[in-house]
Amino acid sequence: MAGTNKTEALMQGGPAVILVNPQLGQNIGMVARAMLNCGLTELRLVAPRDGWPNPDAEASAAGATLVLEEAKVFPTTGEAVADLQRVYATTARARGMTKVVETPRAAIGGMRAVSAKGQSVGVLFGPERAGLKNDDIALADTILEVPLNPGFSSLNLAQAVLLVGYEWFQAADETPASELVLNSTRPATKGELINFFQRLEKALEDSGFLYPPEKTPIMVRNIRNMFQRADLTEQEVNTLHGIISALWEKRR
């Protein structure tokens, strides 16, 4: 899905994304893209298989180069999380460890609470082929498990990062769930609607539509309710006036 406004302010902070032994540069680039989609910028790489920097990462980052340019490389997972106060590990498999398991949506509240105290948070993601090792998960406080189809819950690396990043971003996003985009017009006033109703009802009466007379009040009320539900704009009301005028002209 295309769409970028580079004038928008970039969200700062958020958990560090830690890729343990990532294999392909293309996947690292796609992770960077997913991170920037969600306002995350801190990328840490633990012993990437093909070294770093990797020229294959930039093309698949699709413009998220600032994430790649600031990426830090560590030889071990322990060194990558050494400065963090809270660490989450993503895995889809039972590991036989006694640890709290949370969905990303449930975990975000805790992540944000820790971040609000000025403490640092990181999320571990394992290599593409086999995921995190138990020794890596042992360094985490909490396991993140995405609730997906139990018969097929495997995610690629960028998908996993995007799911966690999306929940982080949504927790602070104030975009309304539904919005009428008005562009250059505005909602019609009740006075404008009443004026339109009166013209429409006069036209319907002249044409013989409002018949029989005893049913006219109910018919008028139903027609008004129908247009009220449409949330008409000023421009739309003007257009309807034009339609009535055109029909009148045609009859003349």
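Residues numbered from 1 in each chain as written. Predicted model: local features only at pLDDT ≥ 70, side-chain atom pairs only at ≥ 80, totals over all residues. Heavy atoms only, no water.

S.K.: Describe a nonpolar patch on the surface, with residues and values.
M.R.: A cluster of nonpolar side chains, namely Leu 148, Leu 155 and Leu 163, defines an oily patch on the protein surface of about 200 Å² accessible area. Inspection of the secondary structure assignment puts Leu 148 in the loop between β7 (142-144) and α7 (157-170). For Leu 148, a relative accessible area of 36% gives the class partly exposed. (Patch = residues over 30% accessible without salt bridge, like charges linked within 9 Å, V, L, I, M, F, W, Y side chains within 5 Å. Areas by Shrake-Rupley, 256 points an atom, 1.4 Å probe, with all protein chains shown as cover. Salt bridge = Lys/Arg side-chain N within 4 Å of Asp/Glu carboxyl O. Helix = DSSP H or I, 4+ residues; strand = E, 2+ residues; numbered from the N terminus. Buried < 20%, exposed > 50% of the residue type's maximum accessible area, 1.4 Å probe, protein only.)

S.K.: Help me get a handle on the pairing of strand β1 (residues 16-20), residues and values and all.
M.R.: The buried fraction of β1 amounts to five of the five residues, a majority that puts the element mostly inside the structure. Neither face of β1 is open: one carries Ala 16, Ile 18 and Val 20, the other Val 17 and Leu 19, and all of them are buried. By the bridge criterion, four bridges tie β1 to strand β6 (residues 121-125) in an arrangement that is parallel. Note on β6: the bridge partner recorded for Ile 18 is Leu 124. Bridge analysis of β1 against strand β2 (residues 43-46) gives four bridges, and the strand direction is parallel. Bridge pairing in β2 places Ile 18 opposite Arg 44. The β-α-β motif built from β1, the intervening helix α1 (residues 25-37) and the parallel element β2 has right-handed crossover chirality. (Pairing = 2+ DSSP bridges. Right-handed = clockwise from strand over helix to strand, strands pointing away.)

S.K.: Run through unusual backbone geometry, naming residues and quoting values.
M.R.: Here the amide bond leading from Trp 52 into Pro 53 is cis, since omega sits at 5°, within 30 degrees of zero. Here Pro 53 lies in the loop between β2 and α2 (55-61). Each neighbour pair has its own omega, and for Tyr 211 with Pro 212 the value is 5°, a cis peptide bond. Unusually for a residue other than glycine, Ala 47 sits at a positive phi of about 45°. Here Ala 47 shows up in the loop between β2 and α2.

S.K.: Please provide a residue-by-residue account of the environment of Leu 43, values included.
M.R.: Secondary-structure assignment places Leu 43 in strand β2. For Leu 43, a relative accessible area of 1% gives the class buried. Here the alpha-carbon distance between Leu 43 and Asn 183, two residues 140 residues apart in the chain, equals 38 Å. Aside from chain neighbours lying at most four places away, what touches Leu 43 is Val 17, Leu 19, Ile 28, Val 31, Met 35, Val 67, Leu 68, Glu 70, Ala 71 and Lys 72. (Contact = heavy atoms within 4.5 Å.)

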